[in-house]
Amino acid sequence: MKTQLLALSAIVGSVLAAPAVADDYVIDTEGQHAFIQFKIKHLGYSWLLGRFNDFEGKFSYDESNPGNASVEVTIDTASVDTNHAERDKHLRSDDFLNTGEYPEASFVSTRYVPDSDDENEGTLYGNFTLNGVTKEIAIEVEQVGAGEDPWGGFRRGFEGEVDLTLADYNIDYNLGPEAKEVELYLSIEGVRQ
């Protein structure tokens, strides 16, 4: 009996000591619950807004250890959409996104640093590839919420922003001195697998 109790306590101890496993999520682009949008100044007079209509990705998140979060996203750059066909055609050209040679942009996270004051905020670091150039970027992230959905699943959502310098990605088309950076905004909802 003593041997069985020792074996049982060893099993329970190993289960309790096992590290928590992060949950894996697929970004819900099919249900149109995720967006990658951008804005850039137009001649310094107003803002030009746009988005990428086609992208996919996944992320992992562990509530007990948010620092282990990871994200991967792939963007179809030809899906750029500013609600103006001729402008979008120009954005696909080698003046900007060069979609013929580089049809995809991607982001692969390298680490996540939670905010010490707010567990729902943090900075997501990773390698962003655009126009054949890869640079490390830091996205300021906030968890919007998490919970069960009406279809029996579980969802988690985040939003984030980052400013990108166009010249860093070999985009040097002169849009005026006020348009050297583009602000990227992400609203991501994932479905737990």
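Look a little higher up for the structure.
Residues numbered from 1 in each chain as written. Predicted model: local features only at pLDDT ≥ 70, side-chain atom pairs only at ≥ 80, totals over all residues. Heavy atoms only, no water.

K.L.:
I'd love a proper account of the overall build of the chain, names of residues and values included.
P.N.:
For the chain, the count of helices and strands is two helices and 11 strands. Put simply, the chain has 193 residues, and 34% of those count as buried. Within the chain, counting contacts between residues at least 6 apart in sequence, those at least 24 apart form 54% of the total. For the chain, the exposed area adds up to about 11800 Å²; of that, 50% sits on carbon and sulfur atoms. (Helix = DSSP H or I, 4+ residues; strand = E, 2+ residues; numbered from the N terminus. Buried < 20%, exposed > 50% of the residue type's maximum accessible area, 1.4 Å probe, protein only. Contact = heavy atoms within 4.5 Å. Areas by Shrake-Rupley, 256 points an atom, 1.4 Å probe, with all protein chains shown as cover.)

K.L.:
Give a description of the pattern of salt bridges that names residues and reports values.
P.N.:
What the rule picks out here adds up to eight salt bridges. Between Arg51 and Asp81 there is a salt bridge whose closest N-O contact spans 3.7 Å. Of this pair, Arg51 sits in strand S3 (residues 46–52) while Asp81 sits in strand S6 (residues 80–81), and the two are 30 residues apart along the sequence. Measuring nitrogen to oxygen at the nearest pair gives 2.9 Å for the salt bridge that ties Glu63 to Arg156. Pair noted here: Glu63 is in the loop between strand S4 (55–61) and strand S5 (70–76) and Arg156 is in strand S10 (residues 154–165), with a separation of 93 residues, a long-range link. The exposure class of Arg156 is buried, given its relative accessible area of 2%. It is possible to trace a salt-bridge network through shared partners that takes in Asp28, Asp149, Arg155 and Glu189. (Salt bridge = Lys/Arg side-chain N within 4 Å of Asp/Glu carboxyl O.)

K.L.:
Describe the pairing of S10, with residues and values.
P.N.:
Judged from the eight bridges that link them, strand S9 (residues 133–148) and S10 form a sheet pairing that is antiparallel. Across the sheet, residue Glu142 finds its bridge partner in S10, namely Glu159. A loop of five residues connects S9 with S10, the two strands running antiparallel in sequence, and Gly152 in this loop sits at a positive phi of about 90 degrees. Bridge analysis of S10 against strand S11 (residues 181–192) gives 11 bridges, and the strand direction is antiparallel. (Pairing = 2+ DSSP bridges.)

K.L.:
Just give me the short version of the pairing of strand S2 (residues 35–42), but keep the residues and values in it.
P.N.:
Pairing of S2 with S11 involves five bridges; the strand directions are antiparallel. Note on S11: the bridge partner recorded for Phe38 is Leu184. Pairing geometry for S2 and S3, over seven bridges, is antiparallel. Bridging from a neighbouring strand, Lys41 pairs with Trp47 of S3.

K.L.:
Give me the side chain of Arg155: which residues, what numbers.
P.N.:
With respect to the secondary-structure elements, Arg155 resides in strand S10. Residue Arg155 is classed as buried on the basis of its relative accessible area of 15%. What Arg155 contacts, discounting residues up to four positions off in sequence, is Tyr25, Asp28, His33, Gly145, Ala146, Gly147, Asp149, Glu189, Gly190 and Val191.

K.L.:
With reference to specific residues and values, describe the environment of Ile171.
P.N.:
By the element assignment, Ile171 lies in the loop between S10 and S11. Given a relative accessible area of 6%, Ile171 falls into the buried group. The spatial distance from the C-alpha of Ile171 to the C-alpha of Asp95 is 6.6 Å, given a sequence separation of 76 residues. In this structure, Ile171 is in contact with Asp95, Phe96, Leu130, Asn131 and Leu166, ignoring residues within four places of it in sequence.

K.L.:
Go over the packing of aromatic side chains, please, and point to the residues and values.
P.N.:
Counted under the stated rule, the structure contains six aromatic pairs. Here the aromatic cluster, defined as three or more aromatic residues joined through ring pairs, consists of Tyr25, Phe59, Tyr61 and Phe158. Against the face of Trp47 rests Lys39, its NZ or CZ located 4.4 Å from the ring centre. (Phe/Tyr/Trp six-rings, centres within 6.5 Å; stacked < 30°, edge-to-face > 60°. Lys NZ or Arg CZ within 6 Å of the ring centre and 35° of its normal.)

K.L.:
Would you mind going over a negative patch on the surface in detail, with residue names and values included?
P.N.:
Residues Asp54, Glu56, Asp76 and Glu104 make up a contiguous surface patch of negative charge. Structurally, the position occupied by Glu104 is in strand S7 (residues 104–114). When its relative accessible area of 53% is taken as the criterion, Glu104 is described as exposed. (Patch = residues over 30% accessible without salt bridge, like charges linked within 9 Å, V, L, I, M, F, W, Y side chains within 5 Å. Lys, Arg positive; Asp, Glu negative; His and termini not counted. Charge placed at Lys NZ, Arg CZ, Asp CG, Glu CD.)

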